[in-house]
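Coordinate analysis (summary)
The chain contents come next:
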2 protein chains.
Amino acid sequence: MPATPAVPDGKRPTLADLATRAGVSTALASIVMRGAKGASAATRERVLEAAREIGYRPDARARLLRSHRSHLLGVQFGLQHPFHADLVEGIYATAEPAGYQIALSAVTAERGEQRAVETLLDDRCEALILLGPQAPASRLTELAGQLPVVSVARHLRPPVPGLEVVRTADDKGARQAVDHLVALGHRAIAHIDGGKAPGAADRRRGYRTAMSRHGLTEHIRVVPGGLTEAEGAEAAQVLAASHPCPTAVLAFNDRCATGVLDVFLRSGIPVPGAISVVGFDDSHLARLAHIDLTTVGQDIPRLAHLAVDRAIARLDGRDTGTGEQVVAPHLVVRGTTAPPSTAPAT
Amino acid sequence: MPATPAVPDGKRPTLADLATRAGVSTALASIVMRGAKGASAATRERVLEAAREIGYRPDARARLLRSHRSHLLGVQFGLQHPFHADLVEGIYATAEPAGYQIALSAVTAERGEQRAVETLLDDRCEALILLGPQAPASRLTELAGQLPVVSVARHLRPPVPGLEVVRTADDKGARQAVDHLVALGHRAIAHIDGGKAPGAADRRRGYRTAMSRHGLTEHIRVVPGGLTEAEGAEAAQVLAASHPCPTAVLAFNDRCATGVLDVFLRSGIPVPGAISVVGFDDSHLARLAHIDLTTVGQDIPRLAHLAVDRAIARLDGRDTGTGEQVVAPHLVVRGTTAPPSTAPAT
DNA sequence: GACCGATTGTAGAACGTTCCACGTGGGCGT
DNA sequence: ACGCCCACGTGGAACGTTCTACAATCGGTC
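The residue numbering used here restarts from 1 in each chain and proceeds along that chain's sequence as written. Here every chain gets a letter starting at A, and every ligand a number starting at 1, in the order they are written. Given that this is a predicted model, residues contribute local features only at a pLDDT of at least 70 and side-chain atom pairs are listed and counted only at 80 or more, while totals for whole chains, interfaces and linings are drawn from all residues. As a rule here, side-chain values cover all heavy atoms of the structure and leave hydrogens and water aside.

1. Here's the deal with the overall build of chain A
For chain A, the count of helices and strands is 13 helices and 12 strands. Its C-alpha atoms put chain A at 85 × 45 × 35 Å along the principal axes. The buried label goes to any residue with under 20% of its type's maximum accessible area, the exposed label to any with over 50%, and the partly exposed label to all in between, with areas taken from a 1.4 Å probe on protein chains only. Taking all 346 residues of chain A together, 55% fall into the buried category. Note on contacts: a residue pair qualifies if any of its non-hydrogen atoms lie within 4.5 Å across the two residues. Across chain A, the fraction of contacts at a sequence separation of at least 24, relative to all contacts at a separation of at least 6, is 67%. Under the DSSP-based scheme used, a helix requires at least four consecutive residues in state H or I and a strand at least two consecutive residues in state E, with every element numbered from the N terminus.

2. Here we look at the pattern of salt bridges
The term salt bridge refers to a pairing of a side-chain nitrogen on Lys or Arg with a carboxyl oxygen on Asp or Glu at a separation within 4 Å. Counting across every chain of the model gives 45 salt bridges over all chains. Linking D122 of chain A and R57 of chain B is a salt bridge whose minimum nitrogen-to-oxygen distance equals 2.8 Å. Here the residue D122 of chain A occupies a position in helix α6 (residues 113–122), and R57 of chain B occupies one in the loop between α3 (41–54) and α4 (60–66), the pair thus bridging two chains. Given a relative accessible area of 15%, D122 of chain A falls into the buried group. Residue R205 of chain B is joined to D202 of chain B by a salt bridge in which the shortest nitrogen-to-oxygen separation is 2.9 Å. Placement of the pair is R205 of chain B and D202 of chain B together in helix α9 (residues 200–213), with a separation of 3 residues, close to one helical turn. Judged by relative accessible area, D202 of chain B falls into the buried class, the value being 6%. Three or more residues joined by partner-sharing salt bridges are found here, namely R167, D171, D202, R205 and E324 of chain A.

3. A word on the protein's contact with DNA strand C
The local shell around DNA strand C holds 22 residues, among which T14, L15, S30 and Y56 of chain A together with R66 of chain B are the closest. Between N or O atoms, a polar contact is any pair within 3.5 Å; within protein, one atom must be a potential hydrogen donor and the other a potential acceptor, and residues adjacent in sequence are included only when both atoms are from side chains. For DNA strand C, a phosphate oxygen lies 3.1 Å from a polar atom in the backbone of D59 of chain A. Interatomic distance of 3.0 Å between a backbone N/O atom of S40 of chain B and a phosphate oxygen of DNA strand C. Elements supplying a minimum of two residues to the surface near DNA strand C: α2 (26–33) and α4 (60–66) of chain A together with α2 (26–33) and α4 of chain B. By the convention adopted, Pro, Cys, Tyr, Trp, Phe, Met, Ile, Leu, Val and Ala count as nonpolar, Lys, Arg, Asp and Glu as charged, and the other residues, Gly among them, as polar. Across the surface near DNA strand C, the residue classes tally to 10 nonpolar, 7 polar and 5 charged. The cutoff for a nearby residue is simple: one of its non-hydrogen atoms must lie within 4 Å of the molecule or strand.

4. Notes on the protein's contact with DNA strand D
By nearness alone, 23 residues border DNA strand D, and R66 of chain A together with L15, S30, R63 and R66 of chain B come closest of all. Within 4 Å of the protein, the contacting atoms of DNA strand D are 74% sugar and phosphate, with bases supplying the remainder. Between R63 of chain B and DNA strand D, the recorded distance is 2.8 Å, taken from a side-chain N or O atom to a phosphate oxygen. For the surface near DNA strand D, the elements supplying multiple residues, two or more each, are α2 and α4 of chain A together with α2 and α4 of chain B. When residues of the surface near DNA strand D are assigned to their parent elements, the largest contribution, 3 residues, is made by α4 of chain B. Each residue belonging to the surface near DNA strand D can be placed in one class, and the counts come to 10 nonpolar, 7 polar and 6 charged.

5. Quick notes on the sheet that holds strand β7 (residues 221–224) of chain B
Residues and elements named next belong to chain B. The pairing criterion for strands is at least two bridges between them, as found by DSSP. Here we have 6 strands laid out as an open sheet, ordered β7-β6-β8-β9-β10-β12, and mixed in their pairing. Of all strands in the sheet, those bounded by a partner on one side alone are β7 and β12 (330–332). Strand-to-strand twist in this sheet, taken as the mean axis angle between neighbours without regard to direction, amounts to 25°. In the sheet, strand β9 (residues 276–281) pairs with strand β10 (residues 294–297) via 4 bridges, with the strands oriented parallel. Every angle, taken between N-to-C directions, lies between 0 and 180 degrees, and every axis is a line fitted to C-alpha atoms, over only the stretch in contact when it is a helix.

6. Digging into the packing of helix α5 (residues 82–95) of chain B against helix α13 (residues 300–315) of chain B
All names here are of chain B. Following both chains from N to C, one finds α5 and α13 inclined at 55°, their axes separated by 8 Å at the closest point. Here α5 lies oblique to α13, going by the angle between them. Note that α5 runs across α13; the crossing there is right-handed. Contacts from F83, D86, L87, G90, I91, T94 and A95 of α5 reach α13 at I300, L303, A304, H305 and V308. Considered class by class, the residues forming the contact of α5 with α13 number 8 nonpolar, 3 polar and 1 charged. Any angle that is under 35 degrees is reported as roughly parallel, and any over 145 degrees as roughly antiparallel; angles of 65 to 115 degrees are reported as roughly perpendicular and all others as oblique. Two helices that cross are described as forming a left-handed crossing if the nearer one is turned anticlockwise from the farther one by less than a right angle, and a right-handed crossing if clockwise.

7. As for the interface of chain B and chain A
Facing the 52 residues of chain B at the interface are 52 residues of chain A. Across the chain B to chain A interface the summed buried area is about 4,800 Å²; carbon plus sulfur atoms make up 51%. Among the ionic pairs, D123 of chain B bridges to R61 of chain A, the shortest N-O distance being 3.7 Å. For the pair chain B and chain A, the interface holds 22 residue pairs in polar contact (both at pLDDT 80 or more). The biggest single contributor to the side of chain B that touches chain A is α5 of chain B, with 6 residues. A breakdown of the residues in the side of chain B that touches chain A according to their chemical character gives 23 nonpolar, 9 polar and 20 charged. Accessible-area loss on putting two parts together, using a 1.4 Å probe and summing over both, is the definition of buried area adopted here.

8. Observations regarding the relation of the copies chain B and chain A
The fit set for superposing copies consists of C-alpha atoms from residues with pLDDT of at least 70 in both; the fit itself is least squares. Overlay of chain B on chain A (RMSD 0.1 Å): rotation 180°, translation along the axis 0.0 Å. Expressed as a symmetry operation, the mapping of one chain copy onto the other fits a two-fold axis. Taking C-alpha positions as the reference, the residue of chain B nearest the rotation axis is R61 of chain B, at 2.6 Å. When you check the interface residues of chain B against chain A, 100% turn up at the interface there too, and the contact is symmetric in its surfaces.

9. Re empty space enclosed by the protein
Rolled over the atoms, a probe sized like a water molecule indicates the empty space that remains. A cavity here means a set of 1 Å grid points, computed over protein atoms only, where a 1.4 Å probe fits but cannot escape. A pocket is an open set with protein on both sides within 12 Å along at least 5 of 7 lines, and lining residues have an atom within 4 Å of a point. Grid points are joined across faces, edges and corners, and a volume is the space filled by probe spheres set on the points. Summed over the entire model, instances satisfying the criterion amount to 2 cavities of 30 Å³ or more. Each pocket or cavity is described by its volume, and for the largest cavity that value is around 390 Å³. Taken together, 24 residues form the lining of the largest cavity, with Q80 and P82 of chain A together with Q80, P82 and L285 of chain B sitting closest to its centre. At the level of elements, β1 (72–78), α5 (82–95) and α12 (284–287) of chain A together with β1 (72–78), α5 and α12 (284–287) of chain B are the ones that each hand at least two residues to the lining of the largest cavity. Of the residues in the lining of the largest cavity, the class split is 12 nonpolar, 8 polar and 4 charged. Contributing elements (two or more residues each) for the lining of the second largest cavity: β2 (101–107) and α6 of chain A together with β2 (101–107) and α6 (113–122) of chain B. Tallied by class, the residues present in the lining of the second largest cavity amount to 12 nonpolar, 6 polar and 7 charged.

10. Focus: the pairing of strand β4 (residues 149–152) of chain A
Residue and element names in this part refer to chain A. The alternating pattern of β4 places V149 and S151 on one face and V150 and V152 on the opposite face, and all of these are buried. Taken together, the 4 bridges between strand β3 (residues 127–131) and β4 define a ladder with parallel strand orientation. By the bridge assignment for β4, L128 is matched with V149. Bridge count between β4 and strand β5 (residues 163–168): 4 bridges; the pairing is parallel. Residue pairing in the sheet places V149 in a bridge with L163 of β5.

11. Re the environment of G225 of chain A
With respect to the element layout, G225 of chain A can be found in the loop between β7 (221–224) and α10 (229–241). The sequence separation of G225 of chain A and V32 of chain A amounts to 193 residues, and the corresponding C-alpha distance is 56 Å.

12. Observations concerning the environment of A153 of chain B
Residues and elements named next belong to chain B. Take A153: it is sitting in the loop between β4 (149–152) and β5 (163–168). For the pair A153 and A307, spaced 154 residues apart in the sequence, the C-alpha separation amounts to 10.0 Å. Those residues in contact with A153, other than ones at most four positions away along the chain, are F83, V166, R167, P198 and G199.

Honestly, it's all geometry; don't read function into it.
In structure tokens:
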């Protein structure tokens, strides 16, 4: 039965209306509505019934204006990043059962992180979960001084006090990718990096380390890229035109890899026939059978769960150990990698 | 200069703190902060300066608890739909300059529309903008009774009072796609439909009408599909296995088309060599050079702009004419369509 | 010098909720 | 009978704003 607002005027029913209707005080009505103890089963039932009748819904704003706890987690995410969409999905799944609401604030081409965070603060979020923040560390530190902040997927060298970090072991991920390619027989493996994007430094380092460890130091080649398809495409152009073209490429992330794939296919360079491509994230994108990208998988549900968990832990005063949670990545082999066709040059 | 909270205790500075600091009443401080008239230039400057010093930011919840206008537009969107992401981007771009905030509520596999809308209502949004809502019309009508509701991209036959509709002329879009394919020489054109997804009925109808108009009634073929890659892939399997395989396919949307593309490519059916594929939406997805999908473009910025505009118009009491805004689609020809290779059978 | 309107400012009551400090009343041990 | 505790319930003060009065000041006009 759809709730017919049984209050005379067009106004939305308030706690006072509910209390009048049920014949109790507003305080008691409040107790019942939020499931606190201090009401008998009989009245509880009566109030609930009245609430149903008049279609009462508590006003979230008034509620959290009064109670100092808002039970609201602010989440900043990149609207166009499939990886972030997946994370948000996981965040909802963990936060709502735990009794926390999520306030989303999107970062787009025209709407910067600064603006996104400002609106979250104005909404009186209790804690901030930032997905792949690009803001300078100083800004994050400043924020962390005001409220608990969890940075997801970005590595911050000096553990900033009050700032929680949840991330994938990016260096290890890059290493897994290189190991896989080397095992297939590749030697000339290039890396399209993410510039100053979150995680980029670690992936670059992991790549370099792994290459050295395989004795391929002289084949190390890092091409500037970025985290969008366009940037990946640009880097691919550079690689395709370069004289000793690599036989394999490790891209910064899946979006970047998609751009790379695109350029190669259009240039008539078969993948993985002539060149292998590896992405990073294992977002929905990579799983599309059409793209079928070999990629370094991040454990997205786990990252999301940890992020929410860390935020709540901090709010509950449970002190957390290191302030950093590192999740292991795992290689997902799909169709964009294969042994090199040409004999490997020393 | 990053605001150093100059208030003794850890609390966030309040309007009273600001007033004290600036040596004025809270009322006056309020006037200055919201840029209302009634303060001299001198005091205005003094208050603003004080605000900067103590890092004061107005509390959004308290503000809108008091003022009956909340200037908050609730937006329900599908987290995994690139088309929705594009719309949200456009909505931000229109709403924020107009002085409206956006509250986002995502619909995911585990979080239904009902839940998404509930949280928006609890946040005391003034109006709802629903992107591609799947809820039954009765539910939408009920909502529209409570507050202005704008439904984007879904056609509702009987203009529900109080419900604004902003949509693309889906039938016309489907017709454009068919016309394009027929002009290329195709006759056996199949349609993978979207079931009960928003817009699906119109696209199906547009497809049928266009086919009849070209005298291709006997070639009409509608295969059940959906709005995800998986559903598109499934439909493509069916088509590929069917005996007289069509030479062209109009998919319900870009995601669906991507799934179709994938199956064909894996089955060794060249696109557009053996079969042409057309999508719908022109989302980011279609534009990826890697996918390069011919698609029926929806004017996303315009849809977004209209949605916000209609919502605000209703809030301002400006009565709106028909309650329905229909935007013309335009075909975007890319690389997945070409003349059929086999001679067309009558 | 009284009156006026405009301008600048203030006090205090909302808004819808939660929290705190109390009233009840009844059961029960002494 | 008395105290005492407990479960249940109430009144009223917050929370941080905005809004509706109304007060003070000032130059200007008759």
